[in-house]
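Here are the chains, one letter per residue:
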Amino acid sequence: MKNLNLIYIVLICIAHISLHSCKNNSNPQENRTPTPQQIDKEDTTPTEKEPRQAKYPTLNIKPNDRINSPIKIKVNSEGVWYASEGELGWIELIDDKGNELAKGILSADGDWMKSGPVMFSTTLTFDAKNIKTGKLIVHNDPGEGDGDEAGESISFEIPIIF
(Lines give C-alpha, C1' and ligand atoms only; values in the text may rest on other atoms or scores of the structure.)
Protein backbone atom coordinates (compact mmCIF):
# COMPACT_ATOMS: atom_id res chain seq x y z
CA MET A 1 0.00 0.00 0.00
CA LYS A 2 2.86 2.37 0.85
CA ASN A 3 4.48 1.61 -2.51
CA LEU A 4 1.21 2.35 -4.32
CA ASN A 5 0.85 5.72 -2.52
CA LEU A 6 4.44 6.57 -3.37
CA ILE A 7 3.81 5.77 -7.05
CA TYR A 8 0.69 8.00 -7.07
CA ILE A 9 2.61 10.87 -5.50
CA VAL A 10 5.44 10.53 -8.02
CA LEU A 11 2.96 10.42 -10.95
CA ILE A 12 1.11 13.48 -9.66
CA CYS A 13 4.40 15.38 -9.33
CA ILE A 14 5.46 14.43 -12.87
CA ALA A 15 2.06 15.44 -14.27
CA HIS A 16 2.19 18.77 -12.40
CA ILE A 17 5.71 19.54 -13.62
CA SER A 18 4.79 18.60 -17.21
CA LEU A 19 1.67 20.76 -17.24
CA HIS A 20 3.48 23.69 -15.64
CA SER A 21 6.35 23.58 -18.15
CA CYS A 22 3.93 23.37 -21.11
CA LYS A 23 1.98 26.34 -19.80
CA ASN A 24 5.10 28.52 -19.46
CA ASN A 25 6.56 27.44 -22.81
CA SER A 26 3.39 27.48 -24.90
CA ASN A 27 4.46 30.72 -26.60
CA PRO A 28 8.08 31.57 -25.88
CA GLN A 29 7.88 34.67 -28.13
CA GLU A 30 5.21 36.13 -25.87
CA ASN A 31 7.54 36.95 -22.98
CA ARG A 32 10.47 38.25 -25.03
CA THR A 33 11.04 41.85 -26.00
CA PRO A 34 11.97 42.00 -29.70
CA THR A 35 15.36 43.35 -30.64
CA PRO A 36 15.57 46.29 -33.09
CA GLN A 37 16.53 43.86 -35.86
CA GLN A 38 13.39 41.83 -35.18
CA ILE A 39 11.22 44.93 -35.17
CA ASP A 40 12.70 46.09 -38.47
CA LYS A 41 12.37 42.67 -40.01
CA GLU A 42 8.88 41.94 -38.74
CA ASP A 43 7.18 45.34 -38.75
CA THR A 44 8.79 47.80 -41.13
CA THR A 45 10.63 46.03 -43.93
CA PRO A 46 8.43 45.31 -46.93
CA THR A 47 9.20 42.11 -48.77
CA GLU A 48 8.60 41.16 -52.37
CA LYS A 49 5.95 38.68 -51.23
CA GLU A 50 4.12 41.20 -49.04
CA PRO A 51 4.07 44.69 -50.57
CA ARG A 52 3.51 47.37 -47.98
CA GLN A 53 0.38 49.49 -48.32
CA ALA A 54 1.14 53.21 -48.55
CA LYS A 55 0.19 55.10 -45.40
CA TYR A 56 0.34 58.50 -47.03
CA PRO A 57 -1.98 60.29 -49.41
CA THR A 58 -0.59 61.89 -52.56
CA LEU A 59 -0.14 65.64 -53.12
CA ASN A 60 0.20 67.96 -56.07
CA ILE A 61 3.55 69.06 -54.57
CA LYS A 62 6.59 66.85 -55.04
CA PRO A 63 9.86 66.94 -53.03
CA ASN A 64 12.01 69.98 -53.91
CA ASP A 65 9.28 71.69 -55.97
CA ARG A 66 9.52 75.49 -56.16
CA ILE A 67 6.43 77.14 -54.65
CA ASN A 68 5.13 80.73 -54.50
CA SER A 69 2.42 82.41 -52.45
CA PRO A 70 -0.48 81.83 -52.62
CA ILE A 71 -0.45 78.12 -53.41
CA LYS A 72 -3.31 75.67 -53.48
CA ILE A 73 -2.30 72.31 -52.03
CA LYS A 74 -4.38 69.37 -53.29
CA VAL A 75 -4.34 66.03 -51.51
CA ASN A 76 -5.79 62.75 -52.76
CA SER A 77 -6.68 60.73 -49.65
CA GLU A 78 -6.12 57.47 -51.58
CA GLY A 79 -8.35 55.92 -48.93
CA VAL A 80 -5.39 55.60 -46.54
CA TRP A 81 -6.34 58.40 -44.13
CA TYR A 82 -9.59 58.82 -42.26
CA ALA A 83 -11.59 61.99 -42.96
CA SER A 84 -13.84 63.48 -40.30
CA GLU A 85 -16.60 66.03 -41.00
CA GLY A 86 -15.10 66.78 -44.40
CA GLU A 87 -11.57 67.39 -43.11
CA LEU A 88 -8.57 65.14 -43.69
CA GLY A 89 -6.00 66.95 -41.54
CA TRP A 90 -3.83 70.05 -41.88
CA ILE A 91 -0.66 71.31 -43.53
CA GLU A 92 2.09 73.48 -42.05
CA LEU A 93 4.61 75.41 -44.13
CA ILE A 94 7.89 75.75 -42.22
CA ASP A 95 11.04 77.64 -43.28
CA ASP A 96 14.57 76.22 -42.99
CA LYS A 97 14.91 77.66 -39.46
CA GLY A 98 11.72 75.99 -38.20
CA ASN A 99 9.51 79.09 -38.29
CA GLU A 100 5.89 78.54 -39.30
CA LEU A 101 5.02 80.55 -42.40
CA ALA A 102 1.46 79.27 -42.96
CA LYS A 103 -1.02 76.64 -41.86
CA GLY A 104 -4.16 75.33 -43.56
CA ILE A 105 -6.91 72.78 -42.95
CA LEU A 106 -7.43 70.17 -45.67
CA SER A 107 -11.14 70.38 -46.56
CA ALA A 108 -13.01 68.07 -48.94
CA ASP A 109 -13.54 69.16 -52.54
CA GLY A 110 -17.01 67.66 -52.87
CA ASP A 111 -18.59 64.56 -51.34
CA TRP A 112 -16.18 63.21 -48.71
CA MET A 113 -18.47 60.34 -47.63
CA LYS A 114 -18.20 58.42 -50.91
CA SER A 115 -16.19 55.23 -51.17
CA GLY A 116 -12.75 55.45 -52.74
CA PRO A 117 -10.29 58.33 -52.98
CA VAL A 118 -11.45 61.85 -52.13
CA MET A 119 -9.73 65.14 -53.00
CA PHE A 120 -8.97 67.62 -50.20
CA SER A 121 -7.34 71.03 -50.51
CA THR A 122 -6.20 74.18 -48.75
CA THR A 123 -4.64 77.43 -49.91
CA LEU A 124 -1.52 78.69 -48.16
CA THR A 125 -0.57 82.38 -48.24
CA PHE A 126 2.90 83.24 -46.96
CA ASP A 127 5.83 85.66 -47.16
CA ALA A 128 9.06 83.90 -48.07
CA LYS A 129 11.38 86.76 -48.95
CA ASN A 130 15.02 86.02 -48.05
CA ILE A 131 14.10 82.36 -47.46
CA LYS A 132 15.43 79.72 -49.83
CA THR A 133 14.11 76.39 -48.54
CA GLY A 134 11.55 74.93 -46.21
CA LYS A 135 9.16 72.05 -45.87
CA LEU A 136 5.51 71.19 -45.94
CA ILE A 137 4.41 69.02 -43.04
CA VAL A 138 1.20 67.12 -43.72
CA HIS A 139 -0.72 65.91 -40.64
CA ASN A 140 -3.72 63.60 -40.50
CA ASP A 141 -6.69 64.10 -38.18
CA PRO A 142 -6.58 61.03 -35.91
CA GLY A 143 -9.98 61.80 -34.39
CA GLU A 144 -10.95 62.30 -30.81
CA GLY A 145 -11.35 59.76 -28.05
CA ASP A 146 -9.30 57.20 -26.24
CA GLY A 147 -8.12 53.73 -27.15
CA ASP A 148 -9.80 52.25 -30.22
CA GLU A 149 -11.85 55.39 -30.81
CA ALA A 150 -8.82 57.52 -31.67
CA GLY A 151 -6.73 56.84 -34.73
CA GLU A 152 -2.98 57.01 -35.08
CA SER A 153 -1.34 60.43 -35.48
CA ILE A 154 0.56 60.40 -38.75
CA SER A 155 2.55 63.14 -40.46
CA PHE A 156 5.14 63.40 -43.19
CA GLU A 157 7.40 66.11 -44.61
CA ILE A 158 8.04 67.32 -48.13
CA PRO A 159 11.11 69.55 -48.71
CA ILE A 160 10.33 72.59 -50.88
CA ILE A 161 12.15 75.53 -52.46
CA PHE A 162 10.91 79.15 -52.47
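Reading the values: rules and limits
- Residues numbered from 1 in each chain as written.
- Predicted model: local features only at pLDDT ≥ 70, side-chain atom pairs only at ≥ 80, totals over all residues.
- Heavy atoms only, no water.
- Core = buried A, V, L, I, M, F, W, Y, C linked by side-chain atoms within 4.5 Å.
- Buried < 20%, exposed > 50% of the residue type's maximum accessible area, 1.4 Å probe, protein only.
- Helix = DSSP H or I, 4+ residues; strand = E, 2+ residues; numbered from the N terminus.
- Contact = heavy atoms within 4.5 Å.
- Pairing = 2+ DSSP bridges.
- Polar contact = N/O pair within 3.5 Å; in protein donor to acceptor, adjacent residues only side chain to side chain.
- Salt bridge = Lys/Arg side-chain N within 4 Å of Asp/Glu carboxyl O.

*Asks:* Before we move on, could you go through the nonpolar core and cite the residues and values that matter?
*Replies:* Counting 26 residues, the largest nonpolar core has Ile73, Ile91, Leu93, Leu124, Phe126 and Leu136 as its most contacted members. For this core, the elements supplying multiple residues, two or more each, are strand E3 (71-76), strand E4 (87-95), strand E5 (100-108), strand E6 (119-124), strand E7 (133-140) and strand E8 (155-161). Leave out the neighbours within four places in its chain, and leucine 136 touches Ile61, Ile73, Ile91, Glu92, Leu93, Leu124, Phe156, Glu157, Ile158 and Ile160.

*Asks:* Requested: an account of unusual backbone geometry, with residues and values cited.
*Replies:* A cis geometry characterises the amide bond from serine 69 onward to proline 70, with omega recorded as -10°. In this structure, asparagine 64 is a non-glycine residue whose phi angle is positive, near 70°. Mapped onto the secondary structure, asparagine 64 falls in the loop between strand E1 (58-59) and strand E2 (65-66). With phi around 65°, asparagine 130 is a residue other than glycine that occupies positive phi space. Among the secondary structure elements, asparagine 130 is positioned in the loop between E6 and E7.

*Asks:* Describe the environment of valine 138, and please don't skip the residues or the numbers.
*Replies:* As for its position among the elements, valine 138 is in strand E7. Of the residues examined, valine 138 reaches a relative accessible area of 0% and is grouped as buried. Measuring from C-alpha to C-alpha, the distance between valine 138 and isoleucine 105 comes to 9.9 Å, with 33 residues separating the pair along the chain. Leaving out residues up to four positions away in the same chain, valine 138 has contacts with Leu59, Trp81, Trp90, Ile91, Leu106, Ile154, Ser155 and Phe156.

*Asks:* Got a sec to walk through the pairing of E5? Specific residues and values, please.
*Replies:* Note that E4 and E5 share seven bridges and pair antiparallel. If you follow leucine 93 over to E5, its bridge partner there is alanine 102. A loop of four residues connects E4 with E5, the two strands running antiparallel in sequence, and glycine 98 in this loop sits at a positive phi of about 90°. Bridge count between E5 and E6: two bridges; the pairing is antiparallel. Pairing of alanine 108 across the sheet is with phenylalanine 120, part of E6.

*Asks:* How would you explain the side chain of serine 121 if you had to name every residue and give the values?
*Replies:* Within the element layout of this structure, serine 121 appears in strand E6. Given the relative accessible area of 9%, serine 121 is considered buried. Side chain to side chain, serine 121 and aspartate 109 meet in a polar contact 2.9 Å long. With sequence-adjacent residues up to four places away left out, serine 121 is seen in contact with Lys72, Ile73, Lys74, Ile105, Leu106, Ser107 and Asp109.

*Asks:* I'd like to hear about the side chain of serine 77, residue by residue, with values.
*Replies:* If you trace the backbone, serine 77 turns up in the loop between E3 and E4. The class of serine 77 is buried, set by a relative accessible area of 4%. Excluding anything up to four places from it in sequence, serine 77 contacts Pro57, Leu88, Pro117, Val118 and Phe120.

*Asks:* An account of the pattern of salt bridges is requested, with residue identities and associated values reported.
*Replies:* Counting across every chain of the model gives two salt bridges. With a closest N to O distance of 3.9 Å, lysine 103 and glutamate 100 form a salt bridge. Of the residues examined, glutamate 100 reaches a relative accessible area of 44% and is grouped as partly exposed. Here lysine 135 and glutamate 157 are joined by a salt bridge, their closest N and O atoms 3.5 Å apart. Of this pair, lysine 135 sits in strand E7 while glutamate 157 sits in strand E8; the two residues are 22 residues apart in sequence, bridging distant segments of the chain. Given a relative accessible area of 48%, glutamate 157 falls into the partly exposed group.

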